[in-house]
Structures are given as structure tokens and as C-alpha cells.
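# Summary of the model geometry
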Amino acid sequence: MKSKIALAFKNCKREKRPALITYTVAGDNTKNNSLKILNAISKHADILELGFPHNTPIADGGQIQGSSHRALKNGIKLKDVFQIVKKFKKNNPDKPIILMGYFNLIYQNGENNFLKSCKFSGVDGLIIVDLPYPENKNFAYKCKKKSISFIQLISPTTSKERMKKIVKDSHDMIYYISMLSTTGGKLKVSPKKIIQNYNTIKRINPKKNLVIGFGITEKTISSLKSANGLVVGSMLCKIIAKSLKMRQNPVTKLAKVVYNLKNKIL
Amino acid sequence: MKLKIRKNLALIDQHDKNFMYGGKFGGNFIPETLKKPVDDLTNLFAKLRKDKKFLKERDHYFKTYVGTPTPFIKLDNLTDHLGGAQIYAKVVSEANGGAHKIYNATVHCLIAKKAKKKYIVGDTGAGYAGKMLSMAAKKFGLKCKIFMGAKDIKRQRPNVEAIKKNGAEIVSVTTGSQTLVDAVSECMRYWVSNCDTTHMCVGSTVGPNIFIKICAWSTAQISRELFSQVEEEFGKIPRKLKLINCVGGGSSAAGFWNAFMNTTAEFIGVEAGGPKNSRLHAAPLTNGSKIGILHGAAQYVIQDKEGQIGSTESISAGLDYPGISPLHCFLKDTKRARYTSANDEEALSAYKLVSRLENISPSLEPSHAFAEAIKLAPKLDSTEVIIVNSCGDSIKDKDIIKERLGSYTR
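Residues numbered from 1 in each chain as written. Chains lettered and ligands numbered in written order. Predicted model: local features only at pLDDT ≥ 70, side-chain atom pairs only at ≥ 80, totals over all residues. Heavy atoms only, no water.

### A short note on the overall build of chain B
What chain B contains, in helices and strands, is 15 helices and 14 strands. For a compact globule of 410 residues, the expected C-alpha radius of gyration is about 22 Å, and chain B comes in at 19 Å, within 12% of that figure. The C-alpha extent of chain B, read off along each of the three principal axes, is 55 × 50 × 45 Å. Every one of the 410 residues in chain B was classed for burial, and the buried ones make up 67%. (Helix = DSSP H or I, 4+ residues; strand = E, 2+ residues; numbered from the N terminus. Rg over C-alpha atoms; globule rule 2.2 N^0.38 Å. Buried < 20%, exposed > 50% of the residue type's maximum accessible area, 1.4 Å probe, protein only.)

As C-alpha cells, then:
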């Protein structure tokens, strides 16, 4: 049976467009609002990444740090993250959700315990920022046994040799980091160069779904649309911050932005 | 499973193929982007530490630039005052710049040159790591950027001024607690974005494995010197010897103990207990913190049940860190070292007593170690020897000392 992530990519391919993948932080700015945001943007996004916040991130830029900070200040706990997923999945059972975060939270929760909660709430995939290949082999295997996709990352610094191994061990999705940057950096590499690198990875195994993330905004998204999927994260976090500052409703604001993003890649 | 230190193998090399000490401390929990730069640095360092020419270069700069050996002196007045064990100090604060951080900074600059990097970045808490890196960077012609918590910039002003004078840029880190933990995170994030042109120096024996190794390998100079100094003083290594060192990240302690690993010397690490009546501290080993992952390595770390890193508090910015080197976690679990803590007030009175009686002026970090020596010495007899690593100079703490004790004199 195909996973929901694989099905989402299949649908997009049929429509000859990349999958739109969003990233928001669970609990930003409240538990309720982050659920409402997921519900609203899921109409336009194909896959939803949901961050479980950590207070000492080593790869996040300012915007995502800000979102995590707001969420943690509001007292978000791992159990709330799973509740948000569970509630979302009740109304949107087929929309894939990927949790993204740092390994210490899983380590403290216990790997098996964490995966049990993932399964129970309906999580489809995991991205663990600080658990690279091959250190992630055991955990990735555990995920696979539970039919949860462990999503590997590839970066511009990844060697060809290493790339091959990562692609071989990958599940339903691989994430290509567009440039040397924390999340939300300004795109400092030309889209042409990014697509070139993307194609190099893609050629290793054309059947694998490869998405691009980091530095993607309304301005840059259309230039990268030959990819299987595109992730927009920091830009969304920034809009939440901005609308809170302007006392606007982040939910409606975000729904509109994601709608616009989608239109740019159709 | 009982953890054991393997004989005839350097402490920094006691890890397994996953770079874990005792199978559970350390490792490389890093983003994919840093995998290659960390691997490259690992390979380069493995080559350099076997390269006779490089070792000669290191020794040359240690001798002519850092100033080796640093003095080993008996603290006669303190010994008489306490009436017990004989107390000595290894005055590492006499090294160029005023603290042990110069060893790691110098070695990192030498490595950066070998790696053909033009830029170097580093974190700092007390400001000594930053000051030394900016000094060494200037000497070796590297452009330097120092990440420092906004709170530490305020409380360690003399070092901040030194960093600026050396021509380095200071990046004030305003996230989180605005102390060392945030400075390290921000520095790592900067490296993620600039690892193609920039070399990173982690200021202590923390972070991904290679940084632990380079740092401890550099500070090992302290005990290499001390070993011969002790032999010279006593004719042999005394049977009842205690080596007391403060631990924050743990770089000076690792260097202070290294050459004595296979002797009967007792190692005592002193963590920062924080203010007397505060719930907060910076002593994960003393207070039984659980293993967690911080800055790319598994270690005992102050954290909540969820795995969020906990707040710390200490009068000494250099010890104000929620984690502790995986090397010290390993030394604790193998029972080779024992760890305790001294609170702010104890450190302050130790500073006061030592600087009044002796011709040295330890900063608030080694004052924590002196506090433990002062507690222990009267209970021991005169056949026992205590050596304290006086690893930093108090000048950087003049504002804090003036505020807390009313005056600061040198």
C-alpha cells in the first residue's frame, strides 16, 4: 500500500506540478491557532510539516526561532503537538503530516514511545534535523517498521558518494537543502544552480521524490517548480510574526499566502 | 555495563566508531550541512597530530607566543592558614592573554591556516575564549568574529574591550538566556551558513566530537608541563595527590588531568553551584542531570522532562553552561574523576582569601576550585598535596568583584 506522502506526490505529478509543502510550528502562536492554521492551509498545501519546538536549535534561522519561542512561551509540550496532529487528522485523514524537530526531544521521550505517539496521532513522516546519516540508521529502521517515513536530508556539502548511500536508504521523500544556510536565509544561490544540483541527486534514482527547501518565498518559488516538491517555512513563520504585530488574524493571513504560493507553481 | 578507561589510549581517543565515549557520551548530532566540514576537519586533525612538522610548529608557538611553562608554585600562606594539606597552584593565568583558552585558540588558528580558511569564528562566555581567539587570529592573519551573549558582554567588559582592540567583530547574541549556551548555538548556526569559507573554533571541550578532541589536545599542554614540574618538586608523583579544577565546559580540567590519567592522582572537578539560595545552578554532574543532546553531543545536561535545555545561573560566566564535556561525563561514569560544586558565595570568599594571602589573583572560575581546596585542605594532613589549576586571571571580573566585595585591588 502506498503511503499518504507517496500518494500526495503521485497526485501532484498527475497534475504536472510540484507538491507544495508548508512548515509551521506547533503551538505558534497558540495551540488552537496552529491547528486552525493547519486546517486553513491544508486546502492549498499538499504536505504539511509541523515543527515541534526546541529551545536550543542549531540550524534554525531567526524566523523559526521566533515561532518556536512563541510556542514554548505558550507552554507547548510534545503531547500537545500530538493532540494537534490527531485533531487535524480527524477532519483531514488523507493529508500527510510530517513532524520536524531536534533529536533531544525524542531521546527524552524514548524512541519507541515517540513513534507510538506518532502512529497513534497519525503522523506520516519525520525530519530530525540533528540526526544525520548514518547515525540515523537504527531510528530510520524503527520508523520504517511503523510505516512512518524517515526523511533524509541532503545538502550542497554532501559528497556524491554519501548522496548515493542516503538516496538508497531513503523512504518516501528526500529533502534537498538549497544552500549553505540556516532556515530562512536569503536565497544566495541562483535557482538555476539549485536545479542543477537537484538534478544530480535526482539522477541517482529518478523514482525517489526529492523536494527543495530553505530560502523559498513567493518571489523564488516559481523558478524552482521543476522539483517534485517545494518547502516554504520561514516565510510563513515571518507572516505569523508580522500579523501578530499588526493585530491581524494569522490564520486568514496565512491561508491567503499559501493560496498565492500554490498559484505560482500551477 | 561498567564503563572502563582503556589503558595506553589517550582520553580523547576513547570513543567508538560513532564517536561516542563509553557508548553514550559525545557523537556528532549535527545537521547534514555540517557533516562534510566536520569530516574534513576530523581527517585534517588526524593527519596533523601525527605530523612532526606541525607538532614542532605548535610547540614553537606554545613556547614563544603562549609562554610555556606556566609557573607551578606553592601557596605557603594559604597552606599555613588552613593547616592541612600542602596547597600548590598551577598558574595557567600567566599564559599569554591571562587564561588557558590561549592553547585551543592558537591550535585552531594553526589548523585554520592549514585548511586554507581566511575566516575564523568562535563562541565565548567569560570572554577569555573570545579574547584569545581574536588575539591568535590577529597574529595568524585571520579575520575573526566572536559570538557572545548580551548578558555576558555586560558582565565581562574588560574582555569585550580586548576582543574589540584585537580587531575582531563581536556579535551580541540576544536569544534565550543571552549567555554562553546561546552564543555557542548562534556560532554553530553561523557556521552552518558559512562553512565553506570559515573555520569554527568551539571554545571548550564541547560540541561535535572533533571540537572536543582539538580542544582537549590543546589544553593537554597544561598537564604535560605540570607533570615534569611535579616530578621536579617532589622527586616523583606524590602518592596522595589531588588535582582540583573548575568545570564549565571542561576544557581546562581535561588539560590539567590528561598526563596524570595513569597515576594515582585524584581528580576533583568543581562545577558552578549558582547563588546560595537559588534553584538555578550550572552543575549538571553534581546535581544528577540526565543525558541529553546539546550542541551536537550527548552529555549530562540541565534540561526539563521534555528535553528543553534548562536555565542556569552562576556568578562566573565561564562556568554558566547547562552541559558539560562528554569527556567529563565519561570520567564521572568510569569513576576516574569526582565532581562537586561550589556556590557563588563560596567562590567569592575563596577569591578573597587567596588573593589576600597569595601573590595570585584567580578569576571567579578557578575560585570555584579554590573553594573546594579550602574546604578539603584542613581535613587532610601535610603528607597530602593539593594542586589547583588557577586557569584564569581575575581582571575580567573586576566589576563583579567590586560590586560584591566592595573593592577590587591588584
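### A look at the packing of helix α10 (residues 234-245) of chain A against helix α11 (residues 250-264) of chain A
Residue and element names in this part refer to chain A. Interhelical geometry of α10 versus α11 gives an angle of 145 degrees and a closest axis separation of 9 Å. Considering only the axes of α10 and α11, their crossing is right-handed. Every residue of α11 that contacts α10 at Met235, Leu236, Ile239, Ile240, Ser243 and Leu244 is listed here: Pro250, Lys253, Leu254, Val257, Val258 and Leu261. Its residues assigned to classes, the contact of α10 with α11 comprises 10 nonpolar, 1 polar and 1 charged. (Axes fitted to C-alpha atoms, helices over the stretch in contact; angles between N-to-C directions. Left-handed = near helix turned anticlockwise from the far one by under 90°. Contact = heavy atoms within 4.5 Å. Nonpolar A, V, L, I, M, F, W, Y, C, P; charged D, E, K, R; others polar.)

### Overview of the domain arrangement of chain B
Residue and element names in this part refer to chain B. We note that the domain assignment places domain 1 (31-61 + 101-215) and domain 2 (68-98 + 220-405) within chain B. Of note, the centres of domain 1 and domain 2, computed from C-alpha atoms alone, are 23 Å apart. Taken together, the two surfaces of domain 1 and domain 2 that pack against each other cover about 2600 Å², and 58% of this comes from carbon and sulfur. At the junction of domain 1 with domain 2, the criterion picks out 2 salt bridges. Between Arg155 and Asp320 there is a salt bridge, with its nearest N and O atoms 2.9 Å apart. Counting across the domain 1 and domain 2 interface gives 16 residue pairs in polar contact (both at pLDDT 80 or more). Elements with a minimum of two residues in the side of domain 1 that touches domain 2: α4 (101-114), α5 (128-140), α6 (150-155), α7 (157-165), α8 (180-194) and α9 (209-219). Take the side of domain 1 that touches domain 2: its biggest share by element is 5 residues, from α8. In terms of residue class, the side of domain 1 that touches domain 2 is made up of 15 nonpolar, 9 polar and 7 charged. (Domains from an automatic or database assignment. Buried area = accessible area lost by both parts, 1.4 Å probe. Salt bridge = Lys/Arg side-chain N within 4 Å of Asp/Glu carboxyl O. Polar contact = N/O pair within 3.5 Å; in protein donor to acceptor, adjacent residues only side chain to side chain.)

### Thoughts on the sheet that holds strand β9 (residues 241-246) of chain B
All names here are of chain B. Strands sit in the order β3-β4-β14-β9-β10-β13 across an open sheet of 6 strands; the sheet is mixed. The open sheet terminates on both sides in strands that have one partner only, identified here as β3 (72-74) and β13 (337-342). This sheet shows a mean twist of 25 degrees between the axes of neighbouring strands, independent of strand direction. Running over the sheet, helix α10 (residues 221-234) touches β3, β4 (86-90), β9 and β14 (385-389) and is turned about 145 degrees from β4. (Pairing = 2+ DSSP bridges.)

### Observations concerning α10 of chain B
Residue and element names in this part refer to chain B. Over its 14 residues, α10 runs 20 Å from end to end, which matches the ideal 20 Å to within 8%, given 1.5 Å per residue. Gln221, Ile222, Ser223, Glu225, Leu226, Gln229 and Val230 are the residues of α10 that are buried. Axial view of α10: buried residues confined to an arc of 165 degrees, hence all on one face. Once α10 ends, the next one or two residues include Gly235, with phi positive near 85 degrees. (Expected span 1.5 Å × (residues − 1). Arc of directions from axis to C-beta.)

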